[in-house]
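This is what each chain is made of:
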Amino acid sequence: MKKAAIVGAGIGGIAASVRLALKGYQVTVYEANESFGGKMHEFWLGGYRFDAGPSLFTLPHLVDELFELAGRNPAAYFSYTRLNPITHYFWPDGSHLKAYAEPKEFAREAERQLGVPQQDVLEVLARSRRLYNGTADTFLNKSLHKARTYLSPDVLKALGCLSDLGLNITMHDANAKKFKDPRFVQLLDRFATYNGSDPYQAPGTLNIIPHLEHNIGAFYPQGGMYAIASSLVKLAEELGVEFRYSEPVEQIVTLAGKVMSVKTKHGNFNADVVVSNMDVVPTYRKLLSDHPAPEKTLQQPRSSSALIYYWGIRKQFRELHLHNIFFSKDYREEFEHIFQQKTVSPDPTVYINITSKLEPGDAPPGCENWFVMVNVPHHQGQDWQQLIADTRASVLRKLSRMLHTDIAPLIAQEQVLDPLLIERRTSSFAGALYGSSSNNLMAAFLRHPNFSSQLEGLYFCGGSVHPGGGVPLCLLSAKIVGEMVPAVLPIEEV
Ligand code: FAD
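Below: a short report on this structure. (Residues numbered from 1 in each chain as written. Predicted model: local features only at pLDDT ≥ 70, side-chain atom pairs only at ≥ 80, totals over all residues. Heavy atoms only, no water.)

### Here's the deal with the packing of aromatic side chains
Tallied over the entire structure, the rule returns 29 aromatic pairs. Measuring from centroid to centroid gives 6.5 Å for phenylalanine 36 and tyrosine 245, while their planes differ by 45 degrees, and the two rings are tilted. Here tyrosine 245 lies in the loop between β9 (242–244) and β10 (251–255) and phenylalanine 36 lies in the loop between β2 (26–30) and β3 (42–45), a separation of 209 residues in the sequence. Among the residues examined, tyrosine 245 registers a relative accessible area of 27% and is labelled partly exposed. Judged by centre distance (5.4 Å) and plane angle (25 degrees), the rings of phenylalanine 43 and phenylalanine 50 are stacked. Here phenylalanine 43 and phenylalanine 50 have matching classes, each one buried. Linked through ring pairs, Tyr89, Trp91, Tyr200, Phe327, Tyr331, Phe335 and Phe339 together constitute an aromatic cluster. (Phe/Tyr/Trp six-rings, centres within 6.5 Å; stacked < 30°, edge-to-face > 60°. Helix = DSSP H or I, 4+ residues; strand = E, 2+ residues; numbered from the N terminus. Buried < 20%, exposed > 50% of the residue type's maximum accessible area, 1.4 Å probe, protein only.)

### Re unusual backbone geometry
Following asparagine 84, the chain continues to proline 85 via a peptide bond in cis, the omega torsion being -10 degrees. If you trace the backbone, proline 85 turns up in the loop between β5 (80–82) and β6 (87–90). Geometrically, the link from histidine 466 to proline 467 is a cis peptide bond, its omega value of 0 degrees lying close to zero. For alanine 256, which is not glycine, the phi torsion reads 50 degrees and is therefore positive. One can find alanine 256 in the loop between β10 and β11 (258–264). For alanine 256, a relative accessible area of 81% corresponds to the exposed category.

### Comments concerning the pairing of β10
The sheet contact formed by β10 and β11 spans five bridges and is antiparallel. Each residue of the ladder has a partner; that of valine 253, found in β11, is serine 261. (Pairing = 2+ DSSP bridges.)

### A few points about the site of the ligand
Around the ligand, the structure places 34 residues, and the nearest of them are Gly12, Glu31, Lys39, Gly463 and Val471. Leucine 56 has a polar backbone atom sitting 2.9 Å from an oxygen atom of the ligand. Note that an oxygen atom of the ligand is positioned 2.8 Å from one of the backbone N or O atoms of glycine 470. Considered on its own, the ligand offers 1,000 Å² of accessible surface; in the complex 95% of this is hidden by protein. Mapped onto the shell around the ligand, the elements with two or more residues apiece are α1 (11–22), α15 (419–426) and α17 (471–484). Residues belonging to the shell around the ligand are distributed by class as follows: 15 nonpolar, 16 polar and three charged. Per-domain counts for the shell around the ligand show at least three residues from each of domain 1 (3–36 + 223–297 + 435–493) and domain 3 (304–426). (Near = heavy atom within 4 Å. Polar contact = N/O pair within 3.5 Å; in protein donor to acceptor, adjacent residues only side chain to side chain. Areas by Shrake-Rupley, 256 points an atom, 1.4 Å probe, with all protein chains shown as cover. Nonpolar A, V, L, I, M, F, W, Y, C, P; charged D, E, K, R; others polar. Domains from an automatic or database assignment.)

### Describing the pattern of salt bridges
All chains considered together, the criterion is met by 17 salt bridges. A salt bridge links lysine 234 to glutamate 238, with the shortest nitrogen-to-oxygen separation between them at 3.6 Å. Separated by four residues within a single helix, lysine 234 and glutamate 238 lie in helix α10 (residues 226–238), roughly one turn from each other. Measuring nitrogen to oxygen at the nearest pair gives 2.6 Å for the salt bridge that ties lysine 357 to glutamate 368. (Salt bridge = Lys/Arg side-chain N within 4 Å of Asp/Glu carboxyl O.)

### Focus: the sheet that holds strand β12 (residues 267–270)
A sheet is described by the order of its strands in space; here three strands give the open sequence β10-β11-β12, paired in antiparallel fashion. A strand with exactly one partner marks an edge of an open sheet, and here the two such strands are β10 and β12. The sheet shows a mean angle of 35 degrees between the axes of neighbouring strands, taken without regard to direction. (Axes fitted to C-alpha atoms, helices over the stretch in contact; angles between N-to-C directions.)

So, in structure tokens, the structure goes:
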């Protein structure tokens, strides 16, 4: 039987393991940590459960599809509900908006709360849908590095969208051109952070992102985001995938331009196919150090990172829900701090995710589990201890003011995640959340392909390679790899 070795049990590696097992490979996943999930893991802190990383779930069909491919009923493993409202937005001037799931209801609310014409909101969402539907098959669902992608009829569909794609305008300028209200522009600009980019630099093409949340929907997986990883690991194990934890791959061994095996502390393990779910930069620097690395690709600017304060709060706030955003006064200044000054704004936008709103067991009675996140630059030598302390103080000041409650005395439990820890725990280069940023037009083409053009049998999946970071795109990267890797034919067909 042909063997596949997967380096890393992040969501991309887990999804790839399912796809390769279904293609007939004997699959082993080597994971450096004690358990699976990578950025998508969970932990308990004194009676409070936290999803450590991703909190917003979109495109759930990409998870369902893995169970269906295996002939299983997804609902037997994993369930989720569509959120309505999706997010609660709060501005420093006291205004507040509930982002309802149905576009018409969302548009009515935007008009009611911010005076934004309903029709303009509906037009923007319809345009986002049109552009997503026109371009996803070319830019997201397939390899951008195979000639057949460009020979497909989907390219004509994508070309048809070119004039409307916002290639020569920034995301912010496109939004500001359409809407007069700076608060609604800020709401739309925030979607740039979904792949760690800067709306004042990123092209208008990123305005396809709202389609995912506002037209297709945002979802909550029962059991938290971690349930996505754990249900897929269950499926993978049923398909015969072996997970070897606390066993980092030290080298991808090659011979005559072909992968031969992976080397771990326990020896060399033969593999016909190796899929790296490790960030592509350390994959080259550490596991393939004898091979020339694609320097231009590896030197693409990284995405932003985050400071997360996991707070067990001994109080319940009726005005808060699952996803809450407290905007900064000056968004441009905030992004200048992140991307130019490489530091954190003294008035950051604060995101609070509270799963105990939907799963009361995630916090003790009368309490809430706050995942408090601020966008920050990736690691470039900053003094994170100082930034953690300064940002904590500004977040507490802001939330105490906006929620009319002194928050600090309510913090019963606390843990912090910073870019250095993200790098240490997952090998994500410089602690970037989403691999490289999408701050320029060519970013999509400059991400590493899902295969190696130098080494036969070597493939790549996860947030640092095509089509990019975020859970849905990591699942798509695994799908592209799954489609590229040759199927293992039963003996009689060989
Ligand atoms: P990773 O999660 O990066 O995991 C890689 C795995 O490889 C790790 O387990 C690591 O230990 C292992 N590994 C590395 N090197 C080796 C080696 N040599 N040998 C063996 N194993 C190795 N996305 C969303 O869609 N929605 C969100 O709301 C969202 N919010 C986020 C918030 C935070 C705080 C973070 C950190 C991320 C967020 N993301 C979000 C991004 C999303 O979590 C990631 O894009 C995605 O989980 C990355 O998955 P991956 O497959 O690239 O693997």
